[in-house]
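This is what each chain is made of:
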2 protein chains.
Amino acid sequence: MDGDTRETIREVAIDLFSTRGFDQTSLREIAERVGLTKASLYYHYPSKQALLTAIVSPLLDGWRAVTDEAEGMAHTPDNVRHVLTTLLDVMVVNRPLASVLLRDPAGVVAAAGPLWQDMIDVATRLTNWVAGPEPTVAQRLRAIAAMEVLRAAYSSITYLREEVADAEMREVLLDSALGALRR
Amino acid sequence: MDGDTRETIREVAIDLFSTRGFDQTSLREIAERVGLTKASLYYHYPSKQALLTAIVSPLLDGWRAVTDEAEGMAHTPDNVRHVLTTLLDVMVVNRPLASVLLRDPAGVVAAAGPLWQDMIDVATRLTNWVAGPEPTVAQRLRAIAAMEVLRAAYSSITYLREEVADAEMREVLLDSALGALRR
DNA sequence: GTCTATAAGAGGATAGAC
DNA sequence: GTCTATCCTCTTATAGAC
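- For chain A, an unreviewed UniProt entry supplies the name HTH tetR-type domain-containing protein and the organism Actinophytocola xinjiangensis.

Written out as structure tokens, the structure is:
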């Protein structure tokens, strides 16, 4: 059974957006891979932008959940570790999906509009929490750096040919992020 | 004197590519901002791709210089610090230019072709050197993470509203990258 | 060196038959 | 739900006058 055409379209789109980029991927290509015509896609999604939104939303939801939880917690070393761990989980789970953002930020920005602003806002809130209360500029820079380390979960696809076990990646990157954070 | 039209075009293109993305920026927009017509651009650059190449090449050259120097050095803690420092300098100096790459990697990949492969190759060589001789998977992950920290030089534009002095940024990010690297 | 005019094509999106 | 056919707009790029 291939019951859910809508879901198939979403999966194909994730694959293409994450490798070729959002702008570089035409609806014709997606339709071809799914085995439909361009016009048929519009029955399932009213626009290319709507398709993008359907793809990206789960990641935003994940970030928001982590952020909401964090902001209810005191900024202790244990809690920082916990928050970074949870965030890393979200990133690893949504790996293919997040590549969509990294492949063509400009295209996503142009298409996603307010959704993108939401992502910036959530990411900013999270970075601010990680930086701690009344942070110095240096602490804020370190917080940004720590977040960038987690991004290595995606870059590693480019640079490491061999497969890395999710568990090892989580462990190493968490420790590395904490290293980037402390003075 | 506005003697060098060619250089003016390059500067306007960097500005637009880095904010709107390579694909999202049309030659019409560039021409408009420069005060020429689209057709006139083609007198100075034979194609949009050639324009991109002219923009990106200096960054590639910078990376290559750092990489070549690194590969002639032993992998000692002092040398690692030196290499990361030099790389950070290159990134800070070429900040607007590097944003072109980050804004629309997919578009750049599609247009730059072999040039892009060169960049991947150089970045890979550098990451490998930073990981040290016969590295474990964990060491390679940490090397990737350290490189990502340097990228915070660019992300900080998004997250830090206030201006950060180049000197402070270099100091903090270098220390943070070293923190990400060590176990 | 810069212009006007135009070619040649791809993209997203819609109308309406089946 | 899927199709064919079409619209409209925008793009990169070229031809040729000045």
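## Digging into helix 9 (residues 137-159) of chain A
Residue and element names in this part refer to chain A.
- Helix length check: helix 9 (23 residues) gives 31 Å between terminal C-alpha atoms against 33 Å at 1.5 Å per residue, within 8%.
- Of all the bends in helix 9, the greatest, near 45 degrees, is centred on Ala153.
- Within helix 9, 17 of the 23 residues are buried, leaving the element largely enclosed by the surrounding structure.

## Digging into the protein's contact with DNA strand C
- Around DNA strand C lies a shell of 16 residues, among which Tyr42 and Lys48 of chain A together with Thr37, Ser40 and His44 of chain B are the nearest.
- When atoms of DNA strand C within 4 Å of the protein are split into backbone and base, the sugar-phosphate part holds 62%.
- Separating a phosphate oxygen of DNA strand C from a side-chain N or O atom of Ser26 of chain A is a distance of 3.4 Å.
- One of the backbone N or O atoms of Thr37 of chain B is found 2.7 Å from a phosphate oxygen in DNA strand C.
- Breaking the surface near DNA strand C down by element, the ones donating at least two residues are helix 2 (27-34) and helix 3 (38-44) of chain A together with helix 3 (38-44) of chain B.
- Looking at which element gives the most residues to the surface near DNA strand C, the answer is helix 3 of chain B, with 4 residues.

## Brief notes about the relation of the copies chain B and chain A
- Rotating chain B by 180 degrees about the axis while translating it 0.0 Å along that axis superimposes it on chain A, leaving an RMSD of 0.0 Å. On this basis, the relationship between the two copies can be described by a two-fold rotation axis.

## Quick look at the packing of aromatic side chains
- Scanning the entire structure with this criterion turns up 2 aromatic pairs over all chains.
- Ring geometry for Phe17 of chain A versus Phe22 of chain A: centroids 5.0 Å apart, planes at 65 degrees, classification edge-to-face. Of the two residues, Phe17 of chain A and Phe22 of chain A, neither departs from the other in class, the shared state being buried.
- Over the ring of Phe22 of chain B we find Lys48 of chain B; its NZ or CZ atom is 4.4 Å from the centre of that ring.

## Looking at the pattern of salt bridges
- All chains considered together, the criterion is met by 20 salt bridges over all chains.
- We note a salt bridge from Glu71 of chain A to Arg125 of chain A, for which the minimum N-O separation is 2.8 Å. Taken together, the residues Glu71 of chain A in helix 4 (residues 48-71) and Arg125 of chain A in helix 8 (residues 114-131) connect sequence positions 54 residues apart.
- The residue Arg95 of chain B makes a salt bridge to Asp166 of chain B at a minimum N-O spacing of 2.6 Å. Of the two residues, Arg95 of chain B is situated in helix 6 (residues 95-103) and Asp166 of chain B in helix 10 (residues 166-181); the sequence distance between them amounts to 71 residues.
- Residue classification places Arg95 of chain B among the buried positions, given a relative accessible area of 18%.
- For Asp166 of chain B, a relative accessible area of 33% gives the class partly exposed.
- Through salt bridges with shared partners, one network takes in Asp68, Glu71 and Arg125 of chain A.

Thresholds applied
Residues numbered from 1 in each chain as written. Chains lettered and ligands numbered in written order. Predicted model: local features only at pLDDT ≥ 70, side-chain atom pairs only at ≥ 80, totals over all residues. Heavy atoms only, no water. Helix = DSSP H or I, 4+ residues; strand = E, 2+ residues; numbered from the N terminus. Expected span 1.5 Å × (residues − 1). Bend = angle between axes of the 7 residues up to and from the residue. Buried < 20%, exposed > 50% of the residue type's maximum accessible area, 1.4 Å probe, protein only. Near = heavy atom within 4 Å. Polar contact = N/O pair within 3.5 Å; in protein donor to acceptor, adjacent residues only side chain to side chain. Least-squares fit on C-alpha atoms with pLDDT ≥ 70 in both. Phe/Tyr/Trp six-rings, centres within 6.5 Å; stacked < 30°, edge-to-face > 60°. Lys NZ or Arg CZ within 6 Å of the ring centre and 35° of its normal. Salt bridge = Lys/Arg side-chain N within 4 Å of Asp/Glu carboxyl O.

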